[in-house]
Amino acid sequence: MSPPVAPPGWSRWLVPPAALSVHLSIGQAYAWSVFKPPLESALGLSGTQSALPFQLGIVMLGLSAAFGGTLVERNGPRWAMTVALICFSSGFLLSALGAATEQYWLIVLGYGFVGGTGLGIGYISPVSTLIKWFPDRPGMATGIAIMGFGGGALIASPWSAQMLESFGSDSSGIALAFLVHGLSYAVFMLLGVLLVRVPRSEKPVENAPGAFDGPQVSARGAVRTPQFWCLWIVLCMNVTAGIGILEKAAPMITDFFKETSTPVSVSAAAGFVALLSAANMAGRIGWSSTSDLIGRKNIYRVYLGVGAVMYGLIALFGDSSKLLFVLCALVILSFYGGGFATIPAYLKDLFGTYQVGAIHGRLLTAWSTAGVLGPLIVNWIADRQEEAGKSGSALYGMSFVIMIGLLVVGFVANELVRPVSARHHIPAPREAADVTARQQSESA
């Protein structure tokens, strides 16, 4: 499938909606916590076990993005969106079969492995295309698209909760909810497949920098630089801190206030998940657009430094004030989303637009690592604390201290980022294809 080239007069503002249709769909992953309690009840799972499909999905997101990044660059966004559609929808259909037959391994395989592959390919599918369409505002452009991934749960969380209420929260009701998700998202993602285009030239906007202006680094060269690995640590730490709350959001807020005079109902917990999704989504467009003004390093100082303060406030005072707990969680999730949306522009600043999608894909292995670390830290510690007879906010105190430490590590890594040495630069854009061919022949 060859990349579809935009005809003369094509508006670049049609590309973000195409990206949004895919990202809003695959962003359902952030609503997984709505399915955790019903699955635990219907199939007799622990909190750690019920997190497994989500964790594997995030692992596969990073791995498929890393290994598929070069293919996405070569075959274009339409090919990538088509692959994402097939994998993501098929994952839900397999999960529906697993729930119907009460075979949990099928849910893990479908949602985690197959659907997670669709997550990775779909996530990076529009990134390099958007940066080429918007060379004058790369942070804003990637923020618009990646905003959809953060906002997916804003739609999916109440929608999923309503389906479980209507269909029932037993295994057959969960199966039907998975089936509806798979079919609905297939139709919605098809809109992006049909709409997406690549620019006709390297300068789609007058008086804007060309797509290959400035230093350019190949994906193979980028992974050999300390800058890449510093950003890997930055992303991993920021994601671990955010995803730890997000994956267990509904049961976490319920536990925090279970023993108070104002306990949180199931519907209110689902509403909290939706609020977190809104903050995640707003942070992706708001903070990434701000990074165009104040710079990428400065905005990550905010994400990591202020994020550590927010975790400290929750650990110390979160169980005494529902408002404080919610506000701090919303700020953390806005930084979490902003970190995702800003990282492609940070990569573009350091490595150029040549193969930025493939570099982004490789960097997302940090997300895979964080997708295991975040839920594992929070769920494992909560399970151990519960076994020790603790309850309420005491289930999470140790987890929050660990998250503060991880954010400090990320802050230090961000301070170490410097411009890439000229020895890693590709000589000129027109030689890029020759350089790639030579590198491939050397590795063959």
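Below is a short write-up of the structure. (Residues numbered from 1 in each chain as written. Predicted model: local features only at pLDDT ≥ 70, side-chain atom pairs only at ≥ 80, totals over all residues. Heavy atoms only, no water.)

A short note on the packing of aromatic side chains
The condition is simple: Only rings of Phe, Tyr and Trp enter the pairing, Trp through its six-membered ring, and a pair is recorded when the two centres are within 6.5 Å. The plane angle decides the type: under 30 degrees is stacked, over 60 is edge-to-face, the rest tilted. Think of it this way: any DSSP run of H or I at least four residues long counts as a helix, any run of E at least two long counts as a strand, and we number them from the N terminus. We call a residue buried when its accessible area falls under 20% of the maximum for its residue type, exposed when it is over 50%, and partly exposed in between, using a 1.4 Å probe and counting protein chains only. For a Lys NZ or an Arg CZ to count as sitting over a ring, it must be within 6 Å of the ring centre and within 35 degrees of the ring normal.
All chains considered together, the criterion is met by 24 aromatic pairs. Pairing Trp-13 with Phe-134 gives two aromatic rings, centres 4.9 Å apart and planes at 70°, and the pair type is edge-to-face. Placement of the pair is Trp-13 in the segment before helix H1 (15–26) and Phe-134 in the loop between helix H7 (127–133) and helix H8 (138–167), with a sequence separation of 121 residues. Their ring planes at 85° and their centres at 5.3 Å tell us that Phe-88 and Phe-92 sit as a pair that is edge-to-face. Here Phe-92 and Phe-88 lie together in helix H5 (residues 77–101), a separation of four residues that amounts to about one turn. Looking at Phe-88, the relative accessible area reads 3%, which means it is buried. What links up through ring pairs into an aromatic cluster is the set Trp-32, Phe-35, Phe-88, Phe-92, Tyr-111, Trp-159, Phe-178 and Tyr-185. Just above the ring of Trp-10 sits the side chain of Arg-197; from NZ or CZ to the centre is 4.7 Å.

What to know about the packing of helix H4 (residues 52–75) against helix H17 (residues 365–387)
Heads up, the condition is: Throughout, an axis means a line fitted to C-alpha atoms (over the contacting stretch in the case of helices), and angles, computed between N-to-C directions, take values from 0 to 180 degrees. Roughly parallel covers angles under 35 degrees, roughly antiparallel covers those over 145, roughly perpendicular covers 65 to 115, and oblique covers all other angles. Between two residues, a contact is recorded if the distance between any of their heavy atoms is within 4.5 Å. Residue type decides the class: Asp, Glu, Lys and Arg count as charged, Ala, Val, Leu, Ile, Met, Phe, Trp, Tyr, Cys and Pro as nonpolar, and the leftover types, Gly among them, as polar.
Interaxial distance between H4 and H17 falls to 6 Å at its minimum, and their mutual angle equals 170°. On the basis of their axis angle, the class for H4 and H17 is roughly antiparallel. Along its contact with H4, which presents Phe-54, Gln-55, Ile-58, Val-59, Leu-61, Gly-62, Leu-63 and Ala-66, the element H17 presents Thr-365, Trp-367, Ser-368, Gly-371, Val-372, Pro-375 and Leu-376. Of the residues in the contact of H4 with H17, the class split is 10 nonpolar, five polar and no charged.

Concerning empty space enclosed by the protein
The condition is simple: Only protein atoms enter the 1 Å grid used here. Points where a 1.4 Å probe fits but cannot escape make up a cavity, open sets with protein on both sides within 12 Å along at least five of seven lines make up a pocket, and a residue lines them when an atom lies within 4 Å of a point. Grid points are joined across faces, edges and corners, and a volume is the space filled by probe spheres set on the points.
As enumerated under the stated definition, the model contains two cavities of 30 Å³ or more in all. Taken as a whole, the largest cavity encloses approximately 50 Å³ of empty space. As for the largest cavity, its lining consists of Asn-238, Ala-241, Gly-242, Tyr-303, Gly-307, Tyr-311, Ile-332, Phe-335, Tyr-336 and Leu-407. Broken down by secondary-structure element, the contributors of at least two residues to the lining of the largest cavity are helix H11 (226–247), helix H14 (296–317) and helix H15 (322–351). Looking at the lining of the largest cavity residue by residue, the class counts come to seven nonpolar, three polar and no charged. If you add up the space inside the second largest cavity, you get close to 40 Å³.

Spatial relationships are all this shows, so hold off on functional conclusions.
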